[in-house]
Number of protein chains: 2
Amino acid sequence: MPDRLIHRVAIVGGTHGNEFTGVYLIKKWQMCPALLQRDTFATIPILANPAAFAVTRRYVDTDLNRCFRPEVLQQAEVAGYEAVRSRELYQTLKTDAATRVDFVLDLHSTTANMGLTLILVNHHPFNLQLAAYLSRVNPAVRVYSAYQPGQSLAFLNTLCELGFAIEVGAIAQGTLQASLFQQTEALIHMILDYLDAYQQGQTVPETRLTFYQHRHTVDYPKTQAGELLGMIHPQLQGQDYQPLHPGNPMFLTWTGETRYYEGPSAVYPIFINEAAYYEKGIAFCVTDRQTIELESK
Amino acid sequence: MPDRLIHRVAIVGGTHGNEFTGVYLIKKWQMCPALLQRDTFATIPILANPAAFAVTRRYVDTDLNRCFRPEVLQQAEVAGYEAVRSRELYQTLKTDAATRVDFVLDLHSTTANMGLTLILVNHHPFNLQLAAYLSRVNPAVRVYSAYQPGQSLAFLNTLCELGFAIEVGAIAQGTLQASLFQQTEALIHMILDYLDAYQQGQTVPETRLTFYQHRHTVDYPKTQAGELLGMIHPQLQGQDYQPLHPGNPMFLTWTGETRYYEGPSAVYPIFINEAAYYEKGIAFCVTDRQTIELESK
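Attention in this report is confined to the structure presented alongside it. (Residues numbered from 1 in each chain as written. Chains lettered and ligands numbered in written order. Predicted model: local features only at pLDDT ≥ 70, side-chain atom pairs only at ≥ 80, totals over all residues. Heavy atoms only, no water.)

## Considering the side chain of T43 of chain B
Residues and elements named next belong to chain B.
- Assignment of secondary structure puts T43 in strand 2 (residues 42-47).
- T43 sits in the buried class, given a relative accessible area of 13%.
- Beyond its immediate chain neighbours, meaning those up to four positions away, T43 contacts V9, I11, L36 and L192. (Helix = DSSP H or I, 4+ residues; strand = E, 2+ residues; numbered from the N terminus. Buried < 20%, exposed > 50% of the residue type's maximum accessible area, 1.4 Å probe, protein only. Contact = heavy atoms within 4.5 Å.)

Listed below in structure tokens is the structure:
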């Protein structure tokens, strides 16, 4: 098959060391590699940040999933565990002819109620087709686009044009949730089956895709000293992907004050109350809901 | 009132630095101290482990809530942040006449579905009365006894005969959940109001108490190398305080095997899938459900 699109697939887990779903799916597949076998490509499971996993933290020195920028990957001096590790993954997945891959899935979990989310880092037609297929066959699958033309991203998935991240939740850091573990595993098998079917000419083009386009982030209410002054309002908690209308509550402060959404029209918040985003100053991400027609190829 | 039982109350939060409910209740009360004022005693809010909170971890060197043993508190050489901090808290709360307290509430959160749980470290009649009152007035309140005659505990609450820990969940580490934050706050006000009413002779003795008595812990399935081989079974996940009957599933392994409970009779698992207990080798705690008659004093 000389014209195959995909020869090698990487499934990456534990890019954040305290997101156990990906870590233990990788360990399961390392124990039972036959589960990943398909006729038209090879699949390699990779534990991305073993040092962070060993201490059950997101990262040791810096967030590995913000290291994939040319200035980090190509700098002469490398400082810090994740900077070194990002360069290793860059070489393995992208530049070394013996190991490079054509498709990358990067497995994450979140404390936000994100269900099964695909995170696009580009709008490559193949990724849009696959996302459309997965969300049509399993309506629980949602598609979030972090891609913004002209802006460079630093996620692991930017190493490869094809593929995306999978974000599942709500799951507390440092824990496994069997139900979401099983749903994630089933989703990955559906993806591998699609890739295999595609390469055998057995897929039918999808015609439309609904996705949630990243716009900006919203921080928590803070004191002048930069400390939290409030939390996600009970009415917003867990309402990822539900419309937030003008006048709806967003935050509740220690002094009992409710802060309302004052934008001009409804938006769709996601990553609401993600633990790792407290330090990044993100209470939630604001998205627009969009439906596009897909070109049949 | 020379015969008051309680002159000073300590409410302690952030004994584990990534359990934000307690941390931010303390910060709220430091900002609004009038909320804690009652007629017959003073209440002091204390942030127990500020260094662990600063890095959003349970602890820096060792689990502070396992440091309150005589051999740690009275050793000549003190090594590690939490060992030093446990000695400071021991002096502040127990030995220094100017600051010592008569009643301690220690605020915790858990990734397990524990709702609002009181954790008793002894069976002092006053604690049993208060626990009975709280669980009668608010049926969502459950009482767990970690006390076992002849065994010494190392929890912060052992500094004081009166009082107990409050454990709320499910809450992911490093996050706030507004609804449980509000329920915890309301529970604490109910406790302070009870103490105040008691000292004014306005409480009525309770006659019975249902509680869950700690028996032992159960570890996850592990490989020979000590790695996780499975996770809490979907049917057990979130079922804290529900009976686990012989033949009910407990674990699901990577190889797809279900492990069943094989004990002789029903038990009541709690702390199911608590993140911090993975490293302690605890998948859940096994308890018996008991109802006792209380002596009227």
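## Description of the pattern of salt bridges
- Tallied over the entire structure, the rule returns 26 salt bridges over all chains.
- With a shortest N-O distance of 4.0 Å, R66 of chain A and D63 of chain A are connected by a salt bridge.
- In this structure R66 of chain A comes out as partly exposed when scored by relative accessible area, which is 29%.
- We classify D63 of chain A as buried; its relative accessible area is 5%.
- Note that K280 of chain B is salt-bridged to D63 of chain B, the shortest N-O span being 2.9 Å. Of this pair, K280 of chain B sits in the loop between strand 11 (268-270) and strand 12 (284-293) while D63 of chain B is found in the loop between helix 2 (50-54) and helix 3 (70-73), placing the two residues 217 residues apart along the sequence. (Salt bridge = Lys/Arg side-chain N within 4 Å of Asp/Glu carboxyl O.)

## Digging into unusual backbone geometry
- Of note, the bond from G169 of chain A into A170 of chain A is cis; its omega dihedral lies within 30 degrees of zero at 10°.
- Turning to its location among the elements, A170 of chain A is positioned in the loop between strand 6 (163-169) and helix 6 (178-199).

## Some remarks on helix 1 (residues 20-31) of chain B
Residues and elements named next belong to chain B.
- Between its first and last C-alpha atoms helix 1 spans 16 Å; for 12 residues at 1.5 Å apiece the expected length is 16 Å, and the two agree.
- Taken across its 12 residues, helix 1 has 10 buried, putting it largely inside the fold.
- Within helix 1, burial applies to F20, T21, G22, V23, Y24, L25, I26, K27, K28 and W29.
- Against the buried residues of helix 1 lie strand 1 (8-13), strand 2, helix 2, strand 3 (103-109), strand 6 (163-169) and helix 6 (178-199). (Expected span 1.5 Å × (residues − 1).)

## Quick word on the relation of the copies chain B and chain A
- Note on the identical chains: chain B maps onto chain A by a rotation of 180° and an axial translation of 0.0 Å, with an RMSD of 0.0 Å. Taken together, these values place the two copies in the relation of a two-fold axis. Across chain B, the rotation axis passes nearest the C-alpha of A172 of chain B, at a separation of 2.3 Å.
- Of the interface residues in chain B, 100% have counterparts in chain A that sit at the interface too, so the contact is made through matching surfaces. (Least-squares fit on C-alpha atoms with pLDDT ≥ 70 in both.)

## Remarks on the pairing of strand 1 (residues 8-13) of chain A
Residues and elements named next belong to chain A.
- Buried residues dominate strand 1, accounting for five of its six residues.
- Pairing geometry for strand 1 and strand 2 (residues 42-47), over six bridges, is parallel. Residue A10 lies in a different strand from strand 2, and its bridge partner there is I44.
- Regarding topology, helix 1 (residues 20-31) serves as the crossover connection from strand 1 to the parallel strand 2, and that connection is right-handed.
- Of the pairings in the sheet, the one linking strand 1 to strand 3 (residues 103-109) comprises five bridges and is parallel in character. The residue of strand 3 that forms the bridge with G13 is L107. (Pairing = 2+ DSSP bridges. Right-handed = clockwise from strand over helix to strand, strands pointing away.)

## With respect to the interface of chain B and chain A
- With 31 residues of chain B in contact, the opposing surface of chain A contributes 31 residues.
- With both sides pooled, the region where chain B packs onto chain A buries about 2,700 Å², and carbon together with sulfur makes up 67% of that total.
- The largest share of the area that chain B buries against chain A comes from L176, M231 and W254 of chain B, three residues that together contribute 22% of it.
- Seen at the junction of chain B and chain A, the total is two salt bridges.
- Of the charged contacts, one joins K27 of chain A and E227 of chain B as a salt bridge, the two residues approaching to 2.9 Å between their closest N and O atoms. (Buried area = accessible area lost by both parts, 1.4 Å probe.)

## Examining the packing of aromatic side chains
- Summed over the entire model, instances satisfying the criterion amount to 34 aromatic pairs over all chains.
- For the pair Y133 of chain B and Y194 of chain B, a centre-to-centre distance of 4.8 Å together with 40° between the ring planes defines the contact as tilted. Residue Y133 of chain B is found in helix 5 (residues 125-137), and its partner Y194 of chain B is found in helix 6; the two are separated by 61 residues along the sequence.
- Seen in terms of ring centroids, F251 of chain B and F284 of chain B are 6.1 Å apart; in terms of plane orientation they differ by 25°. Their pairing is stacked. In this pair, F251 of chain B sits in strand 9 (residues 249-253) while F284 of chain B sits in strand 12, placing the two residues 33 residues apart along the sequence. For the pair F251 of chain B and F284 of chain B, a shared accessibility class is recorded, and that class is buried.
- Three or more aromatic residues joined by ring pairs make a cluster, and in this case those are F20, Y24, F53 and F181 of chain A together with Y220, F251, W254, Y278 and F284 of chain B. (Phe/Tyr/Trp six-rings, centres within 6.5 Å; stacked < 30°, edge-to-face > 60°.)

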